[in-house]
Amino acid sequence: GQVLALDLGGTNFRVLLVTLLPQPKIDLKSKIFVIPQSIMLGPGVNLFRHLADCLLDFMKKENLDKPDVHYPLGFTFSFPCKQEGLASARLTSWTKGFTCSDVVNSDVVKMLQDAIDEKHINVKCVALVNDTVGTLMACAYKDQNTAIGLILGTGTNACYMEKLDRVGTWDGDYNEPKQVIINMEWGAFGNNNRLNHIRTKYDEEVDLSSVNPGKQIFEKMISGMYMGEIVRLIILDLMQQDLIFIGQRDGYGDYRTPLFTRGGFYTKFVSTVETDEGIAFANTRRVLEDMGIRNPTFDDCAIIQHICKNVSKRAAKLAGACKYLFLESYQFKLTLSDDGSGKGAALIAIVADRFQKNQMKTLVSFDENDEEEEEARSHPQSRPSKPITFNTQSVPSTFNRATVS
């Protein structure tokens, strides 16, 4: 069948339509929507109304807005939450530049569903997952040995499969399968000052100027939202010391240029510069021109590339060090999960929807059985000669475990 998914993980937001084909094939249609800064920083109700508007726009485009068809929806919500059920989670704190009011400690699934119902859209959110969990599940659909999900993007996080008897915070059932997905929220590593010995003055400045100082310390050292800003601060520091663009600083007095604007050096520029080849530095020069730097020398371009390469290399090494924490004694294979977070949410939504429908069928069967038992007591001759059986088979309950954070 078909299922919808919403993937909110940063400044961009995706709506997906997923159709399951013979395993492991999946047909996917999606559209990317931008989250305006005014919505990222405004009232929470406006954020969820915007998501509902985007959902309705996508459904109309794909001819899904039909009054007699109802769609299950999986919601990838890539922010720290206290998950209270498969379709219930309370936001504990905003990250990635979001500061929407009246959302922290609220059930984000309910807020989304209220916005959907407000616009009379025939969609029900049946599952909420973190992007790492979605990535893990998307890969597990192809390879059932998948045990870890890893996100390196606008933010960063990881999750892994753990045995229940090793999870001290687990307060659910201990029935089979005795495993649960642990959402590590490793972007928050260092919030307890344990990473201070490897932080630089540039990391400290990035943190202090962020919307959540003192939070997500590790994420601010390696993720896509912050790497460009680290490079920009290093460039400004070298300029102030007359170590770059020597003799030309007077020509860069326009403080309205991107170089002097927080966030003006995009992380995509880091990738563009570090992959530049040849002595002409054509890509690097284009980036510097966009930043307001005119006629950089060969040495200037070489220094800029050196900065970008080392900021990226540090991010890769720090991510690798964290991964080593739970892989040091195992052989493993890395697999790229294309659109993993959205696909994973859709897959979990399909499982959740089927599980709920099976439960409803079981309840209906029990109701019918109660009526027949009552009828049999009233009319003994009508008792059936064979016992009544019920189809209570459901999909593997691993998908029904709540994520522990």
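Now for a quick tour of the structure. As the structure is a prediction and not an experimental result, all values here were calculated from the model.

How each quantity is defined
Residues numbered from 1 in each chain as written. Predicted model: local features only at pLDDT ≥ 70, side-chain atom pairs only at ≥ 80, totals over all residues. Heavy atoms only, no water. Core = buried A, V, L, I, M, F, W, Y, C linked by side-chain atoms within 4.5 Å. Buried < 20%, exposed > 50% of the residue type's maximum accessible area, 1.4 Å probe, protein only. Helix = DSSP H or I, 4+ residues; strand = E, 2+ residues; numbered from the N terminus. Contact = heavy atoms within 4.5 Å. Expected span 1.5 Å × (residues − 1). Axes fitted to C-alpha atoms, helices over the stretch in contact; angles between N-to-C directions. Parallel < 35°, antiparallel > 145°, perpendicular 65-115°, else oblique. Left-handed = near helix turned anticlockwise from the far one by under 90°. Nonpolar A, V, L, I, M, F, W, Y, C, P; charged D, E, K, R; others polar. Polar contact = N/O pair within 3.5 Å; in protein donor to acceptor, adjacent residues only side chain to side chain. Pairing = 2+ DSSP bridges. Phe/Tyr/Trp six-rings, centres within 6.5 Å; stacked < 30°, edge-to-face > 60°. Lys NZ or Arg CZ within 6 Å of the ring centre and 35° of its normal.

Points about the nonpolar core
Item 1. Ranked by internal contacts, the top residues of the largest apolar core, which has 42 residues, are L4, L8, L47, F48, L55, F75 and F77.
Item 2. Within the residue set of this core, elements represented by two or more residues are β1 (2-8), β2 (12-20), α1 (37-40), α2 (44-61), β4 (71-77), β6 (88-91), α3 (108-118) and β7 (123-129).
Item 3. Ignoring anything within four residues of it in the chain, the contact list for L55 reads L4, L6, V15, L73, I116, I121 and V123.
Item 4. If you look at the next biggest cluster of nonpolar residues, it comprises 41 residues, including L233, L238, I244 and V287.

Description of α2
Item 1. With 18 residues, α2 should cover 26 Å at 1.5 Å per step; its first-to-last C-alpha distance of 26 Å lies within 8% of that length.
Item 2. Along α2, the positions that sit buried rather than exposed are G44, L47, F48, H50, L51, A52, C54, L55, L56, F58 and M59.

Section: the packing of helix α7 (residues 227-240) against helix α10 (residues 298-325)
Item 1. At a minimum axis distance of 10 Å, the contact between α7 and α10 shows a crossing angle of 140°. If you check the angle between α7 and α10, you find them oblique. Of the two possible hands of crossing, α7 and α10 adopt the one that is right-handed. Listed contacts from α10 to M227, I230, V231, I234, I235 and L238 of α7 are I303, I304, I307, C308, V311, S312, R314 and A315.
Item 2. In terms of residue class, the contact of α7 with α10 is built from 12 nonpolar, one polar and one charged.

Some remarks on the side chain of R14
Item 1. Looking at where R14 falls in the secondary structure, it is placed in strand β2.
Item 2. Of the polar contacts made by the side chain of R14, one reaches the side chain of D7; its length is 2.7 Å.
Item 3. In this view, R14 contacts A5, L6, D7, K31, I32, D339, S341 and G342; residues no more than four positions away in its chain are not counted.

Focus: the sheet that holds strand β9 (residues 156-163)
Item 1. Pairing is antiparallel in the open sheet, where three strands are placed in the order β8-β9-β10. At either end of the open sheet lies a strand with only one pairing partner, and these are β8 (148-152) and β10 (179-183). When the angles between neighbouring strand axes are averaged without regard to direction, this sheet yields 15°.
Item 2. Of the strand pairs in this sheet, β9 and β10 are connected by five bridges, and their pairing is antiparallel. Looking at the pairing, E162 lines up with V180 of β10.
Item 3. Packed on one face of the sheet, helix α4 (residues 131-142) meets β8, β9 and β10 and runs near 125° to β8.

A short note on the packing of aromatic side chains
Item 1. Summed over the entire model, instances satisfying the criterion amount to 13 aromatic pairs.
Item 2. Ring geometry for F265 versus F269: centroids 5.6 Å apart, planes at 85°, classification edge-to-face. We note that F265, like F269, is buried.
Item 3. Aromatic rings pair up to connect F75, F77, F79, W94 and F98 into one cluster.
Item 4. Sitting over the ring of F79, K96 keeps its end group 5.3 Å from the ring centre.

Looking at α7
Item 1. Helix length check: α7 (14 residues) gives 20 Å between terminal C-alpha atoms against 20 Å at 1.5 Å per residue, within 8%.
Item 2. Counting buried positions along α7 yields 13 of 14 residues, so the element is predominantly enclosed.
Item 3. One or two positions beyond α7, positive phi appears at D242, with a value near 55°.

Overview of the sheet that holds β1
Item 1. Strand order in the open sheet formed by five strands is β3-β2-β1-β4-β7, with mixed pairing between adjacent strands. The open sheet has two edge strands with one neighbour each: β3 (26-34) and β7. Each strand of the sheet is rotated relative to its neighbour by a mean of 25°, with strand direction disregarded.
Item 2. Summarising the sheet, β1 and β4 pair through five bridges and their orientation is parallel. Note on β4: the bridge partner recorded for A5 is G74.
Item 3. Sitting on the sheet, α3 is in contact with β1, β4 and β7, with an inclination near 160° to β7.
Item 4. Against the sheet, α4 touches β2, β3, β4 and β7, its axis set at about 95° to β7.

Some details on the packing of helix α9 (residues 282-290) against α10
In a pair of packed helices, the angle between the axes and the distance between the axes together describe the arrangement.
Item 1. At a closest axis distance of 10 Å, the pairing of α9 and α10 adopts a crossing angle of 90°. On the basis of the axis angle, α9 is roughly perpendicular to α10. Contacts between α9 and α10 involve T284, R285 and L288 from the former and F298, C301 and I304 from the latter.
Item 2. A per-class count over the contact of α9 with α10 returns four nonpolar, one polar and one charged.

Notes on unusual backbone geometry
Item 1. Looking along the chain, the bond that leaves E176 and enters P177 is cis, with omega of -5°.
Item 2. In this structure, P177 sits in the loop between β9 and β10.
Item 3. Backbone geometry places D102, a non-glycine residue, at a positive phi of 60°.
Item 4. Looking at the element boundaries, D102 is found in the loop between β6 and α3.
Item 5. Relative accessible area serves as the criterion here: at 68%, D102 is assigned to the exposed category.

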